[in-house]
Every structure is written in structure tokens, then in C-alpha cells.
Amino acid sequence: MAPLNKNKVIHKVAVIGAGVMGAGIAAQVANAGIPVLLLDVMPDGAKNVIEKLKKSNPAALMHPNNAKLITPGSSVTDLKLVADCDWIIEAVIEKLEVKQALYTALAKVKRKDAVVSSNTSTLPLDVLMEDMPADFKKSFLIAHFFNPPRYMRLLELVVGKHTSLDAAARVRHFADVQLGKTVVDCADRPGFIANRIGTYWLHASVVRALHHGVGVEAADALLGKPMGVPKTGVFGLMDLVGLDLMPHVLSSLMGALPKDDAFVKLGPAPALLGKLIAEGYTGRKGKGGFYRLDEAKNKLVLDLASGEYHPARKVKVEAFLKAKKGGLRAMVSHDSNEGRYAWDVIRGTLSYAASLVGEIAADIATIDAAMRLGYNWKYGPMELIDKLGTQWFADKLRAEGRPVPKIVELANGRKLYRVVDGRLMFLTLSGDYAPLVRPEGVLLLADVKREKERLFGNMSASVWDIGDRVACVEFHSKMNSFNPLVLRVIRRAVKELPGRGYKGLVLYNEGSNFSVGANIFMLLATGKLRLWPVIDWILKDGQRTFEAMKYAEFPIVAAPANMALGGGCEVVLHAHAVEAHAELYMGLVEAGVGIIPGWGGCKELLGRAIAASKQGGPMPPVIRAFETIAMAKVSKSAAEAKELGFLRESDGIVMNRDRLLANAKARALRMAKGFEPPAPHRYVLPGASGLAALQLALHDFAKKGVATPHDLVVGTALARALTGGTTDVTEELSEADILRLEREGLVGLAKTAGTRARIAHMLKHGKPLRN
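Right, let's walk through the structure included here.

Within a pair of aromatic rings, the relevant descriptors are the distance that separates the centres and the angle that separates the planes. Per the counting criterion, the structure on display carries 18 aromatic pairs. Centroid distance Trp-87 to Phe-145: 6.4 Å. Interplanar angle 25 degrees. Geometry classified as stacked. Of this pair, Trp-87 sits in strand 4 (residues 87-90) while Phe-145 sits in strand 6 (residues 140-145), placing them 58 residues apart in sequence. Neither Trp-87 nor Phe-145 differs from the other in exposure class; each is buried. Taken together, a centroid distance of 5.4 Å and an interplanar angle of 65 degrees make the contact between Phe-475 and Phe-514 edge-to-face. Residue Phe-475 is found in strand 17 (residues 470-475), and its partner Phe-514 is found in the loop between strand 18 (504-507) and helix 21 (520-528); the two are separated by 39 residues along the sequence. This pair shows no difference in class: Phe-475 is buried, exactly as Phe-514 is. Every member of this aromatic cluster is reached through a ring pair, and the members are Phe-475, Phe-482, Phe-514, Phe-546 and Trp-599. Above the ring of Tyr-281, the side-chain terminus of Lys-287 is found at 4.6 Å from the ring centroid. Lying over the aromatic face of Tyr-502, Arg-469 brings its terminal NZ or CZ to 4.1 Å of the ring centre.

This is how it looks when you write it as C-alpha cells:
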């Protein structure tokens, strides 16, 4: 891998083709803060697309203002504008003649050192570059994004025999650091890695379900959670991506692969798929697909045998139940149609993936990474073979008279992955193990945990030494929710680590979400038993912990990713600095379960609103904090979290989640020299007059049908805490005063039947009760 030439970094990008992928790629470049030129063959195509990007759901832009970085134009009349672009991304229709005509035109206007890439997923690089000039070939590669480009972390990179190492290094670095992608190197083979294996898996799932007579719901159960596949399952996933895409992808791959390839041997798309598409059942974007909703919004599921829909139901699948107790091997060994179906699909997919090691990618780690990131599998295919056992898998294949992939033969009963001296190693085609090397600047807690023993912890949280005298607190309770055990570990870390020579502390974990907040079951249980002093103690416990953080002797940096809700938001608010993943969904959502923030969330958000207020009087910051908390506003990105006041302007945003821990650690080390904790907030609040104004607004919302009866109760408790209770503008309140008002408000709400009903409903149904 060539080192990056720092004099040739990418400052401006052009995307040619404003379709779904081109528009999404342009949006992600803009999300990185980089100017991007978006050209389309239609005169106003790019301009119209930018307007659509502002309204897209899920949002393609991390902030609406990012659209200002996208300049629209025509690929017919404005192609000369690419002359000042460092990377030109072609995302036009998958027709060879169209792409080659564009490359010929680009060769006349682009800078000699500008990189050109194609987003193709079907056409080989060598074919694309036929008859192109040598200089153009040096700057050309394939950079295959996955849809939607903002949310899918995989970028498949294909370099040709003429591609310069410098061009590849520049794109790899930019895609990694600026766009947040994990870049995997692929061979120039049909479908590259993820789509070659993923499409086989999807196609096999349908073909084998028809063969074994297994229903859609049973198949989704078998090929979902036991495999570590997203909860949509395989048929639900096809509905999500669109059934009409499958015939095109299948025909493209089958036309490019040799006749003896296992993919080709699966046969063409079933007639049922064509019938569904013809009738408009193209998945979620159409009238439905394998699943759909009736007029009453009841969920229906397709009967694969009859082609008719019937009401969806929770099916009992014995093979699936075996997986709960005995794992994947028990499921695929179950003597039933469902067990045989699961083995047929899983055996085929894993064997196919293993047989492609060396053909589509150099090693097993690259293939596994592509499947985890491109298809959201929890485990890659080689990791799944390890779960089954390489010897067991090979023996079962031989017993059925099937070929054993070379990499499995080489394992000879050994694991494909193993840990040696704290380092993760993978088996290579030479039969030896090689270390898994992370890109420079990447630090993963998973690697630290393989190398070291934890400093201390319990069943809900642990403290790790991440090097250079910086420690990390990891939450690992269910959904990383807060409970007294988590709080105990944080307090101990804050109290002990400075005396043990540690320079800073990072709050970070590698779970799906940073933290979904406090464990509300504790509140429901204590409320039912009317243990009001216990609730008050739980609140004081959290408040004391977060106050200890805020006034600690050393810097504490929070590094949240994905959801940081309720108590998860409050712990971040008390950190001295934040290095946030760009995908941050952060908010004080307590109102949804009938309570108010009770661990300093009101105190901190109000203090920040007062500090940022440019308007006179005490009410504007109170109103801002009230609206944010009462409406349970959640940021749709780290950029929006800054706008809402959850993050400071000085807090960092990291595009690549794999770089989050290293950035947070570096931030803590920079802050350690001469560190001093912040000064406490001071509050001058309106008191009764402010409370009356907010209550008037609440009643107005109720009259309009926006606020429910219990919203008024919760809103009043929140208003009282934010306006200062019995204070007035002649008094100055301390942080302790606001914390007391938080506790009083939350305990009071816990005594109401409406709040207990909201908590119970959330625990049972996973969504708020509008009572």
C-alpha cells in the first residue's frame, strides 16, 4: 500500500450522474464538508435532485445546510467544470458505451493528476478501460459505494494493472477519513465481494425455500438472528432493497460467470418473482412484496406455494428453537424441512464464500469485512464457519459428496481465526496465520480487550487501559442502559485513576448504541411499590456520579455513536469534551415515558442555553431548553446535535467510527496538560411568571390537540424545574438548586398513574404511549 502524498489530498469532488447512487454519494461528500459538483445528463436533473436530497427520508444529508456545498450542472454543457476537481466519480447508467464515451470526454478536460472512478457493480475495470489513453488508465479505478451511501460503511476498491499507487492511496485515505468508509480491496471479478456472495445468499434463500416448501416467516426466522443477520430476515431484506432489482443483478452476474459456477447452478429467478414484479409488488417502494399491508394496515405475508397473501403470524419453528439452545450447528442439523432448508442455504453460502478466497479477495478477513459492512451481517461467512467448526463443516461436506473449499481444507480442524499473544490472526492460503492489521489511526476496544486484562469493573461496565496512561470506561449492560452498577464503575474511575497516574478518561463502547439511557424498569418497579425514597436515592446516585465527572481532576472525553438517549445523553453532557461519531442520534427523551431528565440533563442543557443566548432576559434560554426536552427532540446527526445544544461547537465529529476511540484518546491527552475543570453554571430564572407563561403555551397545545392530558402534567413538571421553582429574577440559583428541582419533578411524576402507564407501555411495546 503506497503512502499518501500529502500534497495531493482531495479538496473538491465531482459526481457525474444524479441518480439514486450519484445523488447519495454527492450528499455524503457534502456531509464531509467538501465541495462537490453534481452533473447530470438532464438539464435540470442535478438541481432537482438537490431539492429532493433536502427532503429525503432517511436523510441523505447530515444537515440541510450541507446542500449548499453541492453545485448542480449538466454533464453535457458543464463538463469543463471538473477541471478543478481532484476526484471525479462516474455514476451513470450501467451501459459500457455510455461510460466509455464519458471517459473520452473527461480525458480532454480533467487535470492530469485527478482521479477518475466508476461506481459500477457489474462491469470489469479492464473492459471499461479498453482503448483509453495510458495516462487516463493510471488515474482510473473502481470505487463501489453501497446504498444508501451515507449509512452503508463499505467501499469496495478495485485497482487495475495500470492504476497508479498514488491514485489508489488518495481515494483510500479520503474515503476512510473523510467519508467514513471501511475500504476493502477487491479483485476485478463479477460482483466484487459483497454482491457476489450476498446475491448468492438471497437467490439461494428463495430458490431453496420453494424447493423445501418452507414459508417466508420460517425462512426469515432461520436465516435471521441465528446467522447474525438483520431482523428483517432475508425476504424482508429483499422487500427493503426492491424485488425489481433482483432479476437485473442475477442476469448480470450469471452472464459474467462461468457455467460451472455455483451461483449459475442455482438457476434463473423463479417465475414467482417475475409475477410479483409485473403486478407491482416490488417491495416496500411498491404495493408490498413478500410482506405487505392491507387497507387496515394489518401485516400480510405471501404464501410461496399458492402466491396468495394471508395474515402474518408468529410461527413456531423447531429448528430455530434449537438454535437458541445449541447454536447454529444445532439448527442446521435439525431433522426437519426447516433444518434441511437452513443447512442447504447456509452450507451453500458459506462454501461459496470460502471457495472464492484468493479469487475475489486476497484473504478471509477482507471477505468477512465486506459482508459485515455491505449486508449488515453480524458475522462474516468465515466467522460463521468457525462457529460451526471447520472440522465439522468439512466432514459434513465430504459426507454429502461435496467439495471442501481450499481454505477449509488448509484449516485441518483449526479455527480460521485465532488469538495469539493478544493479537487476532487469520488463516491464509499458505496455511499459515497472519495478523489482522488495522489502518493507521484506528484503535478498537475489541483489540485492547484481547491484549489486556481490565483494570476493574462489574457485569455492567468495565475500565480498560487504552495506552499512554489513558483509560476507557465501557458500558456493556443490556442495550448499554444505565443502572447503579454502571454508575459505580464511573465513580470509581473518576476517584481512583488520577491517583494511579492516568492522564484522562474516555467514555466509549463498540455496541450498536452508545446508551439508550437509564433502565426504566427500575423506576416502574419502585413506583409500583411506592418506594419514593429509593427513587430519590437513584436520582441522587446518578447526579453525584455525573457531577464527579464534571469536576474530575483529569479530562473526560465522551465518544458516543448512534443512540445516546436519556441518561446516555446526560452522561455526554457532563463530559469535558466530546468526539462524536457523525451518526449520532442524541436527545433527552424522558418525556416519552412520562418523566423529566433527572441526572443533570435539565441543569446542563439550560446552562448551555443561557451561555449561548444573545437575547435579553431569562425566558429565551428557558424556552429553548423547554422545547428541546418537552418535544423529546433527537438529533439526526452529530451536526444536528450541535444545533440542539447537546454538543458544543468545539466538540469534534468523526466520520469513521473505527477512528472514534483513537480521536477521543488523542483529545484527552491534548487536554491533560494544565487541565482545569469548568466553572459551575449559575442561573437567573423567571420563577412563577415563567412557569405561568409555559403553562399557557401547554394549554394552547392541548386545545389544538397537539398535547395530551398527561403531556400537560409532564410539561408542567419540566417547566417548574427549568423556571427555577419559587425563585425570581432577583435571585441567583446554583447547579444544586436545579438538581433538586429535577429530583422533585421526577419523583412527583413517578407517583402518577399516567407516568407508570407510559413506562409500562414502552417496556412492553417499545414505543411511547400517548395518554
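Taken together, the side chains of Val-41, Met-42 and Val-76 present a nonpolar region at the surface, about 310 Å² in accessible area. The topology assignment puts Val-76 in the loop between strand 3 (70-74) and strand 4. The exposure class assigned to Val-76 is exposed, which follows from its relative accessible area of 60%.

What follows concerns the packing of helix 21 against helix 31 (residues 753-765). For the pair helix 21 and helix 31, the least separation of the axes is 10 Å and the interaxial angle reads 135 degrees. In this view, helix 21 runs oblique relative to helix 31, as classed from their interaxial angle. For the pair helix 21 and helix 31, the sense of crossing is left-handed. Between helix 21 and helix 31, the contacting residues are Ile-520, Phe-521, Leu-523, Leu-524, Gly-527 and Lys-528 on the first element and Arg-756, Ile-759, Ala-760, Met-762 and Leu-763 on the second. Among the residues making up the contact of helix 21 with helix 31, the classes are represented as eight nonpolar, one polar and two charged.

For the rest of this paragraph, the subject is the sheet that holds strand 9 (residues 291-293). Pairing in this open sheet of three strands is antiparallel, and the strands run 9-10-11 from one edge to the other. Of all strands in the sheet, those with a lone pairing partner are strand 9 and strand 11 (309-311), marking the two edges. Taking each pair of neighbouring strands and ignoring which way they run, the sheet shows an average axis angle of 40 degrees. Looking at chain direction, strand 10 (residues 299-302) and strand 11 are connected through three bridges and run antiparallel. The partner of Leu-302 across the bridge, within strand 11, is Tyr-309.

The rules behind each value
Along each chain, residues carry numbers from 1 onward, in the same order as the chain's sequence is written. Reporting in this predicted model follows two pLDDT cut-offs: at least 70 for local features of residues, and 80 or more for side-chain atom pairs to be given and counted; totals over whole chains, interfaces and linings ignore these cut-offs and use all residues. Derived side-chain values reflect all non-hydrogen atoms in the structure, with water molecules and hydrogen atoms excluded from consideration. Pairing of aromatic rings covers Phe, Tyr and Trp, the last through its six-membered ring, and needs centres within 6.5 Å; plane angles under 30 degrees mean stacked, over 60 mean edge-to-face, and all others mean tilted. Secondary structure elements follow DSSP: runs of H or I of four or more residues count as helices, runs of E of two or more count as strands, with numbering from the N terminus. The buried label goes to any residue with under 20% of its type's maximum accessible area, the exposed label to any with over 50%, and the partly exposed label to all in between, with areas taken from a 1.4 Å probe on protein chains only. Two limits define a charge over a ring: the Lys NZ or Arg CZ must be within 6 Å of the ring centre, and within 35 degrees of the ring normal. For patches, a residue must show more than 30% relative accessible area and have no salt bridge; joins then use 9 Å for like charges and 5 Å for nonpolar side chains, namely Val, Leu, Ile, Met, Phe, Trp and Tyr. Working definition of accessibility: Shrake-Rupley area with a 1.4 Å probe, residue cover restricted to the visible protein chains. Only one rule defines a salt bridge in this text: a Lys or Arg side-chain nitrogen within 4 Å of an Asp or Glu carboxyl oxygen. Only the contacting stretch of a helix is used when fitting its axis, a line to C-alpha atoms as for every element, and angles between N-to-C directions run 0 to 180 degrees. Angular relationships are summarised with four words: roughly parallel below 35 degrees, roughly antiparallel beyond 145, roughly perpendicular across 65 to 115, and oblique for the angles in between. With the far helix as reference, a near helix turned anticlockwise by less than a right angle produces a left-handed crossing, and one turned clockwise produces a right-handed crossing. Between two residues, a contact is recorded if the distance between any of their heavy atoms is within 4.5 Å. Any residue that is not Ala, Val, Leu, Ile, Met, Phe, Trp, Tyr, Cys, Pro, Asp, Glu, Lys or Arg is counted as polar, Gly included; the first ten are nonpolar and the last four charged. Should DSSP find at least two bridges between two strands, the strands are regarded as paired.

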